[in-house]
Amino acid sequence: MDLTQVVGQNVHRLRAAAGISLADLASASGISKTTLHGIEQGQGNPTLSTLWALAGALKASLGELLETPASAVEVVRVGDSRPQVEGDAVSARLLHRIRLRGTVEVYDIAIGQSTQHSDAHLPGVEECLVLTCGRVTTGPADSLTDLAEGDSIRFDAARPHQYRGHAAHNRAVLLMVHPDS
């Protein structure tokens, strides 16, 4: 995906998340509605000053406009190379970074061998699961992922998703991330 498409998708996503109309963003940024529409469609080549104006109007950083969006599902396997630091008594390996404005609920869950179907949660809700024991299949219904002990997954829970255990005992830590209303 080229930069103009990335910028267009990010501007549209940030505008929609803020609940701002195209006309309101055009007014706040000093950019014509036609130009702004073209940017959101991935057309044109916005200048740095245009991007700064959009970032300011969206209350976002320039990087948020330029950064390729993260995948909707991120799986980390127990053996994957991830950033890690060592202390005297603690070793920490970064599994996921979750940008947050809201509330995080932390659950210790047991997952049985039948399938648990979950309806889509409210927009913006994410789930992050770290499997501590057993083997499970989980994630959005259209992209289920098999996890082994020590694997983790993060996904958009505003889509139907499910959980199914495969071992006799399956346990995990589940973080449910709820944005501010």
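These numbers were taken from a predicted model, which means no experiment stands behind them.

Structural notes on the nonpolar core
- Counting 17 residues, the largest nonpolar core has Val11, Leu25, Leu36, Leu54, Leu58 and Leu65 as the members making the most contacts within it.
- Mapped onto this core, the elements with two or more residues apiece are α1 (3-18), α2 (22-29), α3 (33-40), α4 (48-58) and α5 (62-66).
- Residue contributions to this core peak at five residues, all from α4.
- For Val11, the contacting residues outside a window of four places in its chain are Leu25, Leu36, Ile39, Glu40, Leu54, Leu58 and Leu65.
- Core analysis: the second largest hydrophobic core is formed by 15 residues, Leu129, Ala157, Tyr163 and Ala172 among them.

Thoughts on the environment of Lys59
- Note on placement: Lys59 falls in the loop between α4 and α5.
- Among the residues examined, Lys59 registers a relative accessible area of 74% and is labelled exposed.
- Spatially, the C-alpha atom of Lys59 lies 9.9 Å from that of Arg15, the residues being 44 residues apart in sequence.

Concerning the sheet that holds strand β8 (residues 145-148)
- In space, the four strands of this open sheet follow the order β5-β10-β7-β8, with antiparallel pairing throughout. Edge positions in the sheet fall to β5 (115-118) and β8, since each has one partner strand and no second. Taking the axes of each pair of neighbouring strands and ignoring which way they run, one obtains an average angle of 20° across the sheet.
- Pairing analysis gives five bridges linking strand β7 (residues 135-140) to strand β10 (residues 161-165), with the strands arranged antiparallel. From the neighbouring strand, Val136 faces β10, where its bridge partner is Gly165.

Quick notes on the environment of Asp119
- For Asp119, the location among the structural elements is in the loop between β5 and β6 (126-133).
- Take Asp119: its relative accessible area is 65%, and that puts it in the exposed class.
- Distance in space between the C-alpha atoms of Asp119 and Arg171 is 21 Å, their sequence separation being 52 residues.
- Beyond its immediate chain neighbours, meaning those up to four positions away, Asp119 contacts Pro160 and His161.

Quick look at the confidence of the model for the chain
- Residue-level pLDDT values for the chain average 87, and 95% of them are 70 or greater.
- Predicted confidence in the chain is weakest over strand β3 (residues 91-93), with a mean pLDDT of 70, and strongest over β8, with 95.

Considerations on α2
- Every buried residue of α2 is accounted for by Leu22, Leu25, Ala26 and Ser29. What you see down the axis of α2 is that its buried residues fit within an arc of 100°, all on one side. What points out from α2, more than 90 degrees from its buried face, is the exposed set Ser27 and Ala28.
- In this fold, the buried residues of α2 make contact with α1, α3 and α4.
- Following α2 by one or two positions, Gly30 has its phi on the positive side, about 75°.

Remarks on the state of the cysteines
- Applying the stated criterion across every chain yields a total of zero disulfides.
- As a non-bridged cysteine, Cys128 has Cys133 as the owner of its nearest cysteine sulfur, 18 Å distant.
- The exposure class of Cys133 is partly exposed, given its relative accessible area of 30%.

Focus: the pattern of salt bridges
- As enumerated under the stated definition, the model contains six salt bridges in all.
- Note that Glu40 and Arg15 form a salt bridge whose closest N and O atoms lie 2.6 Å from each other. Taken together, the residues span a long stretch of sequence, with Glu40 in helix α3 and Arg15 in helix α1 at a distance of 25 residues. The same class applies to Glu40 and to Arg15, which are both buried.

Rules used in this analysis
- Residues numbered from 1 in each chain as written.
- Predicted model: local features only at pLDDT ≥ 70, side-chain atom pairs only at ≥ 80, totals over all residues.
- Heavy atoms only, no water.
- Core = buried A, V, L, I, M, F, W, Y, C linked by side-chain atoms within 4.5 Å.
- Buried < 20%, exposed > 50% of the residue type's maximum accessible area, 1.4 Å probe, protein only.
- Helix = DSSP H or I, 4+ residues; strand = E, 2+ residues; numbered from the N terminus.
- Contact = heavy atoms within 4.5 Å.
- Pairing = 2+ DSSP bridges.
- Axes fitted to C-alpha atoms, helices over the stretch in contact; angles between N-to-C directions.
- pLDDT = per-residue confidence, 0-100.
- Arc of directions from axis to C-beta.
- Disulfide = S-S within 2.5 Å.
- Salt bridge = Lys/Arg side-chain N within 4 Å of Asp/Glu carboxyl O.

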